[in-house]
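Here is what each chain is made of, one letter per residue.
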Amino acid sequence: MEENKGKEVIAESGQKAHTPPQCNPDYVWLVKLAAAISILRTKPPGMSGQQYAEYLKCKYQANQGDWKQRAVTLQSRLLQARQELLQAKLQQQQACLQPAEGDEDKPEQVFPTPPSSSEEPLSPQVSREDVVQRHSRFLTCVLRLQTVRNSLASRVHLEDTVKESILDSLHHIRVSLKEQVPDVSMTTKKHVVKTIVEMLRSEVLKECVEEISQAVVELVQTVLQGVLGCEELNRHQHQKDQCSLVVDLSQADSLQKPILTALLQHIQDFSNTLRTRNISSLDPVLYENVFYMLWTFEQILCNIRDCRKPQVEESLKMELNNALEDSLLFISEKYPLFAHYIWRLGGIVNSLVTFKE
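Predicted, not measured: the structure shown is a model, and the values here were computed from it.

About the cut-offs
Residues numbered from 1 in each chain as written. Predicted model: local features only at pLDDT ≥ 70, side-chain atom pairs only at ≥ 80, totals over all residues. Heavy atoms only, no water. Helix = DSSP H or I, 4+ residues; strand = E, 2+ residues; numbered from the N terminus. Buried < 20%, exposed > 50% of the residue type's maximum accessible area, 1.4 Å probe, protein only. Contact = heavy atoms within 4.5 Å. Areas by Shrake-Rupley, 256 points an atom, 1.4 Å probe, with all protein chains shown as cover. Phe/Tyr/Trp six-rings, centres within 6.5 Å; stacked < 30°, edge-to-face > 60°. Lys NZ or Arg CZ within 6 Å of the ring centre and 35° of its normal. Core = buried A, V, L, I, M, F, W, Y, C linked by side-chain atoms within 4.5 Å. Axes fitted to C-alpha atoms, helices over the stretch in contact; angles between N-to-C directions. Parallel < 35°, antiparallel > 145°, perpendicular 65-115°, else oblique. Left-handed = near helix turned anticlockwise from the far one by under 90°. Nonpolar A, V, L, I, M, F, W, Y, C, P; charged D, E, K, R; others polar. Salt bridge = Lys/Arg side-chain N within 4 Å of Asp/Glu carboxyl O. Expected span 1.5 Å × (residues − 1).

## Things to note about the overall build of the protein chain
- Looking only at helices and strands, the protein chain features 14 helices and 2 strands.
- Looking at the 357 residues of the protein chain, the share that counts as buried comes to 38%.
- Counted over contacts in the protein chain with a minimum sequence separation of 6, partners at least 24 positions apart contribute 80%.
- Entry remark: accessible area of the protein chain is about 21700 Å², with carbon and sulfur atoms responsible for 53%.

Laid out in C-alpha cells, this is it:
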C-alpha cells in the first residue's frame, strides 16, 4: 500500500512539473499597462500610440523571421560540416585499408566529395537542387564504403548524419512538389530516391528506419495528391515521371506495404466517387489521373513478382484482393475500362507467392 501511495505521489508531482503555471490576471494586466505607458513615452513625434505599437509589432515579427531563417541556415551548415568531416574520415580509413596502387584507385576519384563550405557557403539563396545534390553525393559516398563503414569508430554520428541527410532530402523534394516549383530537376529526384532505397537496404540504418519510412510515406502521399490534382489532360510524361518516383521508392522492402496501402486507398476513394456520380457528370481529367494510380500499382506488383524473392505477406495479399474486389461493387458494368484494369491487378496479386508472418 505504501509503495502504491509513493508511486501516486511521484506521478502527481511529475504531472505538476509538466503543467505550465497559470498566470495571475492582475499581473498580466499590470504588464500590459506598463507596456502601454512605455510605448506612449517613447513614441516619436507625429505618430500615435497605436501606430507606434503596430510598428514595434511588425519589427518584432520581422526579427523573429530572421532568427528562424538564421537557425535553419546554421543547421544546414552544421549538417554539411558533419557530412564533410565524416566523409574525410571514411576516405582516410579507406586509404589506410586499401592503399592506392594506381591513379584509378585514388579515393578522391572514386568517391565524389560534397562542395566545401569555404567554396560554396550555404545561404538562403542556395537552391534546393544544390542542397539535394549535396545530400545525394554524401549518401552515395557512404554506400560505396562498405568495409570502412562497418569499422568506423564514430558509427553513431554516421547514422545520425545519414538520417538527417535523408530526411532533409525528402523534405526539400516534398516542399518542391507541394509548391509546384520545378527547382529540383527530375534527374536529381530520381537519383536521390534510388540512393535512399539503397541506404534502406544496407545495414547503416537500423534504429531509424521507421522514422525515415514515415517521411517517405508523406512524400508518396504528396506525389499521389499532385498526380490526382493535375488539372490538364494528356500530361503523360509529367505524370509518369512523378509516379516513377513512387515505383522506385517501393523497391525498399520496408516501404512496399505502406506505399501499396496508400495507392489502394486512393483507388477505393475514386471507386466510391464513381458510385455517387453519373457518367455525364464525371470529370474526365480525374478519370485519366486515376489511370496513373492504377499504372503505379501495377508496376509495383510486377516488380515484386519479377524479383528474386517474389514473396509478400499472406495478410497483405488477402487485403489487396478484398479491397480490389470491393472497389468494383455496382460499377463494373457502368465503367468497363476501370473494371478491366482492376481485374488485371487482381490477376497479378493472385500470382504472387505468399508467406506467413
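And the narrative resumes.
## Description of the packing of aromatic side chains
- According to the stated counting rule, one finds 6 aromatic pairs in the structure shown.
- A ring pair is formed by tyrosine 52 and tyrosine 55, whose centres lie 6.1 Å apart and whose planes are at 20°; its orientation type is stacked. Separated by 3 residues within a single helix, tyrosine 52 and tyrosine 55 lie in helix H3 (residues 49-97), roughly one turn from each other.
- Here tyrosine 52 falls in the buried class, since its relative accessible area comes to 13%.
- An aromatic cluster is defined as three or more aromatic residues linked by ring pairs; in this entry it consists of Phe270, Tyr287, Tyr335 and Phe338.
- Over the ring of tyrosine 341 we find arginine 344, and its NZ or CZ is 5.4 Å from the ring centre.

## A word on unusual backbone geometry
- The residue asparagine 234 is not glycine, and still its phi comes out positive at about 60°.
- Along the chain, asparagine 234 falls in the loop between helix H9 (209-228) and helix H10 (236-249).
- Positive phi values are uncommon outside glycine, yet phenylalanine 330 reaches one of about 70°.
- Relative to the helices and strands, phenylalanine 330 is located in the loop between helix H13 (314-326) and helix H14 (336-350).

## Quick look at the environment of isoleucine 279
- Mapped onto the elements of the fold, isoleucine 279 is located in the loop between helix H11 (253-276) and helix H12 (284-306).
- When the C-alpha atoms of isoleucine 279 and tyrosine 335 are compared, they prove to be 8.5 Å apart, with 56 residues separating the residues in sequence.
- Among all residues touching isoleucine 279, those that are not within four sequence positions of it are Lys334 and Tyr335.

## Structural notes on the nonpolar core
- Formed by 67 residues in total, the largest nonpolar core has its most connected members in Leu249, Phe297, Leu301 and Phe338.
- The greatest single-element share of this core, amounting to 10 residues, is contributed by H12.
- Contacts of leucine 249, omitting those with residues within four sequence positions, involve Val193, Val197, Val216, Leu219, Val220, Leu255 and Ile259.

## Things to note about the environment of glutamate 207
- Looking at the secondary structure, you find glutamate 207 in the loop between helix H8 (186-201) and H9.
- With 48 residues separating them along the chain, glutamate 207 and glutamate 159 place their C-alpha atoms 9.0 Å apart.

## Let's talk about the packing of H11 against H13
- Orientation of H11 relative to H13, taken along the N-to-C sense of each, is 15°, at an axis distance of 9 Å. The angle between H11 and H13 falls in the class roughly parallel. Here H11 runs over H13; the crossing is left-handed. Along the contact surface, H11 presents Lys257, Leu260, Thr261, Leu264, Gln268 and Arg275, while H13 presents Leu316, Glu319, Leu320, Ala323, Leu324 and Asp326.
- Residues belonging to the contact of H11 with H13 are distributed by class as follows: 6 nonpolar, 2 polar and 4 charged.

## What about the pattern of salt bridges?
- In the structure shown here, the tally under the stated rule is 5 salt bridges.
- Linking arginine 344 and glutamate 298 is a salt bridge whose minimum nitrogen-to-oxygen distance equals 2.8 Å. Residue arginine 344 is found in helix H14, and its partner glutamate 298 is found in helix H12; the two are separated by 46 residues along the sequence.
- Residue glutamate 298 is classed as buried on the basis of its relative accessible area of 7%.

## With respect to H13
- Here H13 contains 13 residues, and its C-alpha end-to-end distance of 18 Å stays within 8% of the 18 Å for a straight helix at 1.5 Å per residue.
- Along H13, the positions that sit buried rather than exposed are Leu316, Lys317, Leu320, Asn321, Ala323 and Leu324.

## So, the side chain of lysine 189
- With respect to the helices, strands and loops of the structure, lysine 189 is situated in helix H8.
- Residue lysine 189 is classed as buried on the basis of its relative accessible area of 6%.
- Once residues lying within four places of it in the same chain are set aside, the contact partners of lysine 189 are Ile173, Ser176, Leu177, Val184 and Leu245.

## What to know about the packing of H12 against H14
- Closest axis-to-axis distance for the H12/H14 pair is 10 Å, and the angle between their directions is 15°. It follows that H12 is roughly parallel to H14 by the angle criterion. Two packed elements cross with a definite hand, and for H12 against H14 that hand is left-handed. Residues Tyr287, Val290, Phe291, Leu294, Trp295, Phe297, Glu298, Leu301, Cys302 and Arg305 of H12 touch H14, and the partners they reach there are Leu337, Phe338, Tyr341, Ile342, Arg344, Leu345, Ile348 and Val349.
- For the contact of H12 with H14, the class distribution of residues is 15 nonpolar, no polar and 3 charged.

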